[in-house]
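Take a look at the letters that make up each chain.
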Amino acid sequence: LGDRLAPGEPGVAKTFVGIPAQTNFCAAALDTVPYTHEDSAKILLLSNIISSNYLHKELREKGGAYGGGCSAGVQSGVLTCYSFRDPQVLRTLERFEEA
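The shown structure was predicted, so the numbers you read here are calculated from the model rather than taken from an experiment. (Residues numbered from 1 in each chain as written. Predicted model: local features only at pLDDT ≥ 70, side-chain atom pairs only at ≥ 80, totals over all residues. Heavy atoms only, no water.)

By the secondary structure assignment, Phe-25 is in strand 1 (residues 24-31). Given the relative accessible area of 56%, Phe-25 is considered exposed. Discounting residues that sit within four places of it in the chain, Phe-25 has contacts with Ser-83, Phe-84 and Arg-85. (Helix = DSSP H or I, 4+ residues; strand = E, 2+ residues; numbered from the N terminus. Buried < 20%, exposed > 50% of the residue type's maximum accessible area, 1.4 Å probe, protein only. Contact = heavy atoms within 4.5 Å.)

Written out as structure tokens, the structure reads:
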């Protein structure tokens, strides 16, 4: 397993769990703003645009993943990018950062 953070400590946590499979599942999450913030609706719309206009093409059409996308949890204030049945996880993580 990767780096660990103490509870409540801000920062980046990386976790890898190996499984005997040819494809993988991966995700990246980013803290954003609470739903009461004026930018919350913009982040929700942006997540839909990222999913349909960028990640679908990059992950599924070019990268060979079965699927993936971006989701804004407006109540939790977390933006999540994910892929599943993905043969190119490192490439996918780069696309998450570009998005």
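More follows now that the structure is in view.
This paragraph deals with the sheet that holds strand 2 (residues 67-73). Taking strand neighbours across the sheet as the criterion, the three strands line up as 1-3-2 in an open arrangement whose pairing is antiparallel. Looking along the sheet, the strands with just one partner apiece sit at the ends: strand 1 and strand 2. Direction aside, neighbouring strands of the sheet carry axes that sit 10 degrees apart on average. Here seven bridges tie strand 2 to strand 3 (residues 78-86), and the two strands are oriented antiparallel to one another. Residue pairing for strand 3: Gly-73 is matched across the bridge by Val-78. Contacting strand 2 and strand 3, helix 1 (residues 40-62) runs over the sheet at an angle of about 170 degrees to strand 2. Strand contacts of helix 2 (residues 89-98): strand 1 and strand 3, with the helix running at about 20 degrees to strand 1, the strand carrying the most contacts. (Pairing = 2+ DSSP bridges. Axes fitted to C-alpha atoms, helices over the stretch in contact; angles between N-to-C directions.)

Time to look at helix 1. Between its first and last C-alpha, helix 1 extends 30 Å over 23 residues, near the 33 Å set by a 1.5 Å rise per residue. Within helix 1, the axis deviates most sharply at Leu-55, by approximately 55 degrees. The inward-facing, buried residues of helix 1 contact strand 2, strand 3 and helix 2. Downstream of helix 1 by one or two residues, Gly-64 has phi in the positive range, about 85 degrees. (Expected span 1.5 Å × (residues − 1). Bend = angle between axes of the 7 residues up to and from the residue.)

Taken as a whole and judged by the stated rule, the model has six salt bridges. Here Glu-58 makes a salt bridge to Arg-91, at a shortest N to O gap of 3.2 Å. Here Glu-58 is found in helix 1, whereas its partner Arg-91 is found in helix 2, with 33 residues between them in sequence. Both residues of the pair, Glu-58 and Arg-91, count as buried. By sharing partners, the salt bridges in this structure join Glu-58, Lys-62, Arg-91, Glu-94, Arg-95 and Glu-98 into a single network. (Salt bridge = Lys/Arg side-chain N within 4 Å of Asp/Glu carboxyl O.)

Sheet analysis places strand 1 next to strand 3, joined by seven bridges and oriented antiparallel. Note that in strand 3 the partner of Cys-26 across the bridge is Ser-83.

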